[in-house]
Amino acid sequence: MKYRLFLFGLFFLINPYFWVFDVLPDFIGLLIMAKAIRSLTDVSPSMEAASNGLKKAAALSISQLGLTIPMMTLVNSDPTFNMVFSFCFNILRIIILIPTLHELFNGFVYFADRHAEKGHTVSTVKLKTVRTVMQIYIILHSLLSAFPEIVYFKVNDSGMTESVEEIYPLAPFRLGIMFLCACIVALLSLIFYVIICVYF
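The structure presented is a predicted model; accordingly, all values stated were derived computationally and were not measured.

Asks: What is the right way to read the overall build of the protein from this model?
Replies: Across its full length, the protein holds 8 helices and 0 strands. Counting the 200 residues in the protein, one finds 44% classified as buried. In the protein, once contacts between residues fewer than 6 apart in sequence are set aside, the share between residues at least 24 apart is 74%. Only carbon and sulfur atoms are counted for the fraction: they give 70% of the accessible area of the protein, which is about 10800 Å².

Below, the structure written as C-alpha cells:
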C-alpha cells in the first residue's frame, strides 16, 4: 500500500465545502485513495470492497458537480431545492463512506494480524479507534457542510405573502452560519488529519 498517496488523497476530503462549492473536489481524493490501496485488493476481500466503495463515493461526488447548473436553475425558482439537494447528497455520502471505511480498516486489521504472525506488532485496537474517529469525522463533516442550507426551510408558505424574508426568515444569516460551520469543520479537519498522520 502507498501510504503517502493514501494520505494525499485523504487531504481532499477534509476541506470545508458547502452545497457544490468544493475547493478540493472529493472525487479526486477518493480516486487517489482507491489507487493507493489497489495493490491490496487481490489479497484482502475487505480492501476490494473498500476500493469499490471509494469509487462509488467518487461517482456520487462527480454526479453532484454535474448537477450544479440544473440545480442552480431550480434554486432560482425555489431555494428549498438548495436544502433538499445538499442534505440528500450528504446523507448519501455518509451511507456510502461509513461502510467503506469499515471495510478499509477491516483490511488494515487483517494485514496487522498477518504482520503479528511474523513478529511485527501492530495495535488492532488502535486501528479500530482510528476507524471510529474517521467515521465520526465523516458524519460531522457531511452534516455541518449541509447545515447552512437549513435556512431555506419554509416557515411560512401559505401563499398569502410575497416577501422572501417572511418565507425564509433565517436566510439573511446563511453566510454567518456558513462561516461558523466552516470554522468548526476546519478545526475538526486539523485534529482529524493530525491523528491520521500520526498513525500512518
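Asks: I tried to follow the nonpolar core on my own but got confused; where do I start?
Replies: Ranked by internal contacts, the top residues of the largest apolar core, which has 36 residues, are Leu-10 and Leu-104. Looking at this core, the elements that each hand over two or more residues are helix H1 (3-11), helix H2 (26-36), helix H3 (45-66), helix H5 (80-117), helix H6 (124-146) and helix H8 (174-199). Sort the elements by how many residues they give to this core and H5 lands first, with 11 residues. Other than its neighbours up to four places away in sequence, Leu-10 contacts Met-33, Met-134, Phe-192, Tyr-193 and Ile-196. Membership of the second largest hydrophobic core comes to 5 residues, among which are Met-83, Tyr-152, Ile-167 and Tyr-168.

Asks: Which parts of the structure should I look at to understand H6?
Replies: Because each turn of an α-helix spans 3.6 residues, side chains separated by three or four positions in sequence point in the same direction. Across its 23 residues, H6 extends 33 Å between first and last C-alpha, which sits within 8% of the 33 Å expected from 1.5 Å per residue. Residues Leu-127, Val-130, Arg-131, Met-134, Gln-135, Tyr-137, Ile-138, His-141, Ser-142, Leu-144, Ser-145 and Ala-146 constitute the buried set of H6.

Asks: Looking at this model, I keep getting lost on the state of the cysteines. Mind explaining?
Replies: Here is the idea: a disulfide is a covalent bond, and it sits between the sulfur atoms of two cysteines. Enumeration over the complete set of coordinates arrives at 0 disulfides. Cys-183 forms no disulfide, and the closest cysteine sulfur to it belongs to Cys-181, at a distance of 9.3 Å. Assessed through its relative accessible area of 36%, Cys-183 is described here as partly exposed.

Asks: Please clarify how the packing of H1 against H2 should be interpreted in this entry.
Replies: Packed helix pairs are characterised by how far apart their axes lie and by the angle those axes make with each other. Where H1 contacts H2, the two axes come as close as 7 Å, and the packing angle between them is 165°. Relative to H2, the element H1 lies roughly antiparallel. Taken as a pair, H1 and H2 cross one another with a handedness that is left-handed. Here Leu-5, Phe-6, Phe-8, Gly-9 and Leu-10 of H1 come into contact with H2, specifically with Gly-29, Ile-32, Met-33, Lys-35 and Ala-36. When the residues that make up the contact of H1 with H2 are grouped by side-chain class, the tally is 7 nonpolar, 2 polar and 1 charged.

Asks: What is the right way to look at the environment of Ile-28 in this model?
Replies: When you line up the elements, Ile-28 lands in helix H2. Note on Ile-28: relative accessible area 30%, which makes it partly exposed.

Asks: Mind showing me how you'd approach a nonpolar patch on the surface here?
Replies: Taken together, the side chains of Ile-91, Leu-92 and Ile-95 present a nonpolar region at the surface, about 270 Å² in accessible area. Its location among the elements puts Ile-91 in helix H5.

Conventions and cut-offs
- Residues numbered from 1 in each chain as written.
- Predicted model: local features only at pLDDT ≥ 70, side-chain atom pairs only at ≥ 80, totals over all residues.
- Heavy atoms only, no water.
- Helix = DSSP H or I, 4+ residues; strand = E, 2+ residues; numbered from the N terminus.
- Buried < 20%, exposed > 50% of the residue type's maximum accessible area, 1.4 Å probe, protein only.
- Contact = heavy atoms within 4.5 Å.
- Areas by Shrake-Rupley, 256 points an atom, 1.4 Å probe, with all protein chains shown as cover.
- Core = buried A, V, L, I, M, F, W, Y, C linked by side-chain atoms within 4.5 Å.
- Expected span 1.5 Å × (residues − 1).
- Disulfide = S-S within 2.5 Å.
- Axes fitted to C-alpha atoms, helices over the stretch in contact; angles between N-to-C directions.
- Parallel < 35°, antiparallel > 145°, perpendicular 65-115°, else oblique.
- Left-handed = near helix turned anticlockwise from the far one by under 90°.
- Nonpolar A, V, L, I, M, F, W, Y, C, P; charged D, E, K, R; others polar.
- Patch = residues over 30% accessible without salt bridge, like charges linked within 9 Å, V, L, I, M, F, W, Y side chains within 5 Å.
- Salt bridge = Lys/Arg side-chain N within 4 Å of Asp/Glu carboxyl O.

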